[in-house]
Amino acid sequence: MFVRLTSYAVLGFLIIPLLVVLLAALTTTSYIAVPPEGITLHWFVDALTDEGFRDGATVSFIVAAITALLTTALALSFVWAVERYRFPGRSVVTTLSLAPLTVPIIVLAIGLLFAMSEIGVAGTITGLVIGHTVISFPYAVRAISSSIAGLDQDVERAASILGAPPLRVLLRVSLPLIAPGLTAAALFAFLVSYNNVTISIFLAGPTTQTLPLVIFNETYTSVSPSLAAMATLLVAATIALVAALDRKLGVYSALSRGRAL
Amino acid sequence: MHALRERLRRGRAQEAPAGGAAIELQGIRKRYEGAQVLESVDLTVQRGEFVCLLGPSGCGKTTTLNVIAGFVEPDSGTMLLDGRRMDGTPPHRRHLGMVFQRYTLFPHMTMFDNVAFGLRIRRVPRAEIQERVEESLALVGLSGLGRRYASELSGGQQQRAALARALVVKPSVLLYDEPLSSLDALLRREMQVELRRIHEEQGLTSIYVTHDQEEALVMSDRIVVLHDGRIEQDAPPEAVYRRPRTRFVAEFLGDCNILTAVVVQSERGAIRAEIAPGWTVTVGGVDVPPAPGSLVTLGIREEHVGIEPVAAEASVGTVRNVIYRGSSWRYYVGLHTGEIRATHVAGAAAIAAGEAVALTTRPEHWFVLES
Amino acid sequence: MTPRLQHRRALLLIVPSAIVFVIGFVVPLAYMVRYSLLHYSPSSVAEPPVTLSNYLSFFKDDYTRGILIRTLRVAFFTTLAALVLGYPLAYYLTRARGAVKRVVIVIVLSPMLISSAVLAFAWLELLAPSTGLVAQATSKLPLIGSDSSTSLLYTERGLVLALTYETLVFMVITLHASLETIDRIHLRAAAVLGARPSSAFVRVTLPLSLPGIFSGCVLVFSIAASSLLIPLVVGAGRVPMLATYAYSQNTTTLNWPAGATAGLVLLVVTLVLLFGFTLVVSRMRRGTRRPAAVPQSAQPAPEEVAV
């Protein structure tokens, strides 16, 4: 009984901030009022037609899409090497691949600012992609590892004894069978990149402000129901992606072993 | 290149000469991380034969099969397939068929696509694929299930489909890696008979790995017993069963008595040996008779030991324990030194524990084991 | 496949990841070390000679030392709050089934999935003086209510509250993983031996979940200590933490050496905590011989405790 009541209270604590954002976007007043005074959807229209919002969403989408593809490709080839070949230093590289998780993202972000400035990609899409790829790589490795480890090599052998050359076995048998892991890795990397602020805040330039940064900047400058609508839209998009991820893999198992965003 | 593909497409089995060696292994050795897995294996499989590789886990039988398939590169030795050396030839160019222990149907394809896989790789025309896949599914009793996925089939059906997938390309040799071990006992027996039937009907050459001696006895033309990477015996089932060559083979096949005896008389083809005080037996069919006075290891199957109750003075031992085994009784008879087991068909009343018994055996049922 | 061929192929497959790893991880950390050892100069950001003076002045200066202490204090109270709130919820989650469990999981995970920009904004609204929900609620309470001007915004307590919200999910997930692995058979055995549910909890469940508590605390502590967005918005300039200090040094003041130093101090604090934790847990495992009840996989290995 005690456990249940406490749990409900804590769940309430977890839900209220999100409700506040949603409610703040519904008010008819020009300032934020929670609970809202009257209900309107026009702040959503406002947000969607806002140039800053659209530019931010576009930058975020481009960065997240490239990050997702790059991370998945890198992680696939990395995990394949580790799972399928014996070589000296195999356990060392496995440990190293998870190292970005042990360093606070803010610390990595500061370092990235220095390094990206040095090679001249600070403030560009390239810089953002590099940063986001580094932090999503460990998660992609996990998602893909479990699906490659779960792939019965006898199935591949069955294909090769039936006459399929190695490339064909890879394309027709192995990859289709690990596709759920690849999709999960890609969706997850997309999510990490799309929502990230800590890295982006150091690496984004004037023309590469991501959507979370747009929201953050407005939090500082002009808090309004329109901002709440933007935030709600970002949350809604995330939830849609998570629902897709959940169908592929089960979000809980994907997330339960580390920090995401 | 084109000629090769054409040959692969039509299947090599039909044009290969009847009789003659399909597979020859010469001096195959393999070492894994310090452990010798295969120590010089020599094996010839004739076209049309059904050969079982029998042995406990870790004996090297699966490694031998993998060498034949090309999944494992031997450290030394040669393998010939239809007289051609296969050194360095990858599995996909060997034109073999294989059925695995685990279910290995491609889970993302229907049965039809699974079976058609090998044919599509060989660029067989569509119409012919349709015809051959259906023929193959019918052969294994899965007609009409072509649109199902593996997850919609039972274990037995999955293995049948895996067999159809291997058969449809008309492989020169069909390899089986304990394909029935995950099925239940009843289904396993049924499938054993069925695999044997298909082997004969299709004129296949089959190499079958198993750790189940009964399976090997039921199915094969020849049994090759492997132990610690070496061939212990290579003979037809009856010979392996009735005259195991080594102690390991006798023990592995089970239900065998293994006893040490002193040779008291030795002549051409037969010896007399004393097993226990008061019990001397005649052993027939001994090629190289050991000298009198030497020790030999003798074996005899439990069902070949006759027992009858006698007066204590005439007895060689006493029944210590009787176990009911459904179709038979098993007696544990204590000798003056050691013990012997005898199995008798259940029916007549059992001899009770504690009774004194005499033992009767026939010379041809005994065999001398190599030490 | 020969070993040499295996090595060559593996190398080929790993090289692309290694390049990104070096550019995006090794080089950045190396630059941090480098800048933290250089001298700040307003004209060129940083210049030689190499010196440890940045570290010395970080610890000597009351302002920066105060920031470090505040960071540790805020992270500590956040961890405590997350543990107290998270344990019952994690325990409840092990008992929940079906649709209820799914809903609870979605709610628990939400702060992890949602951009911290949104979370920061949400807390700004919640804690806002007089209009914020917290202020509205407290104003109606008889004891503290009357003075609605005492907002939690820009205070340490408000920061702890918001950080607890942000980090609770990590506590719950870690504890839940640990509690799930406790075999119910132990509880049944305790019950058969006459233990009441409450004493079975204290004597069986709680001790067996200790490694989970430890790793949950380490995780939450390091996330709270290095969170940037929430302190930036909720604490603003009035409650500076290591992360916000490093951020302002690097982006506003452009004192890269000071920013790098603060970042490295934060990194060292985190790593010391991690390795200390690993030691404690491994000693705990050895001391009580409990590996069967708490399989290794239930606990994040040190390198897997994400920050």
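Small disclaimer: the values here were computed from a predicted structure and weren't measured.

J.: Can you explain the overall build of chain C? Please cite residues and give values.
T.: Scanning chain C from terminus to terminus reveals 13 helices and 2 strands. In chain C, of all internal contacts separated by at least 6 residues, the share reaching a separation of at least 24 is 72%.

J.: Give a description of the overall build of chain A that names residues and reports values.
T.: When its secondary structure is counted, chain A shows 12 helices and 0 strands. Helices and strands in chain A line up, N terminus first, as α-α-α-α-α-α-α-α-α-α-α-α. Considering chain A as a whole, with its 261 residues, one finds that 53% of them fall into the buried category. The long-range share in chain A, meaning contacts at least 24 apart out of those at least 6 apart in sequence, stands at 75%.

J.: Which residues make up the sheet that holds strand β11 (residues 256–267) of chain B, and what values do they have?
T.: Residues and elements named next belong to chain B. Pairing within the open sheet is antiparallel, and its 5 strands lie in the order β13-β12-β11-β14-β20. Each end of this open sheet is capped by a strand with a single partner; those strands are β13 (279–286) and β20 (367–369). Pairs of neighbouring strands in the sheet enclose a mean axial angle of 50°, with direction left out of account. For β11 and strand β14 (residues 295–301), the ladder comprises 7 bridges, and the chain directions are antiparallel. Opposite V262, over in β14, you have L295 as the bridge partner.

J.: Describe the interface of chain C and chain A, listing the residues and the values that go with them.
T.: Across the contact, 74 residues belong to chain C and 70 residues belong to chain A. Per element, the largest residue contribution to the side of chain C that touches chain A is 18 residues, and it comes from helix α1 (residues 3–36) of chain C. For the side of chain C that touches chain A, the residue count by class is 56 nonpolar, 14 polar and 4 charged.

J.: Now, about the nonpolar core: what can you tell me, with residues and values included?
T.: One finds F188(A), I215(A), V118(C), A120(C) and W123(C) to be the most contacted residues of the largest nonpolar core, which totals 178 residues. Ranked by residue count, the leading element in this core is helix α7 (residues 156–180) of chain C, at 15 residues. Taken together, domain 1 (1–40) and domain 2 (51–255) of chain A each give at least three residues to this core, which thus spans both. Discounting residues that sit within four places of it in the chain, W123(C) has contacts with P17(A), A162(C), I230(C), V233(C) and V234(C). Of all hydrophobic cores here, the second largest spans 105 residues; its members include L38(B), F50(B), V281(B) and L298(B).

J.: Describe the environment of I66(A), listing the residues and the values that go with them.
T.: All names here are of chain A. Position of I66 relative to the elements: it lies in helix α3 (residues 51–84). The partly exposed category is assigned to I66, around which 19 C-beta atoms lie within 10 Å. Along the primary structure I66 and D152 are separated by 86 residues, whereas in three dimensions their C-alpha atoms are 31 Å apart.

Thresholds, definitions, all that
Here, residues in each chain are numbered from 1, in the same order as that chain's written sequence. Each chain gets a letter, beginning with A, and each ligand a number, beginning with 1, in the order they are written. Only residues with pLDDT of at least 70 are given local features in this predicted model, and only at 80 or more are side-chain atom pairs given and counted; all residues enter the totals for whole chains, interfaces and linings. Where helices and strands are cited, they refer to DSSP runs of H or I of at least four residues and of E of at least two residues respectively, numbered from the N terminus. Our contact criterion uses C-beta atoms placed from the backbone: two residues qualify when those atoms are within 7 Å. Any residue whose C-beta has 12 or fewer other C-beta atoms within 10 Å is treated as exposed, any with 20 or more as buried, and any in between as partly exposed, C-beta atoms being built from the backbone. Strands were regarded as paired on the criterion that DSSP finds at least two bridges between them. Fitting a line to C-alpha atoms yields each axis, with helices limited to the stretch in contact; the angle taken between N-to-C directions then spans 0 to 180 degrees. Residues are sorted three ways: Asp, Glu, Lys and Arg are charged, Ala, Val, Leu, Ile, Met, Phe, Trp, Tyr, Cys and Pro are nonpolar, and all the rest, Gly among them, are polar. Any nonpolar core is a set of buried residues, restricted to Ala, Val, Leu, Ile, Met, Phe, Trp, Tyr and Cys, that join up through C-beta atoms within 7 Å. Note that the domain bounds reflect an automated or database-derived domain assignment.

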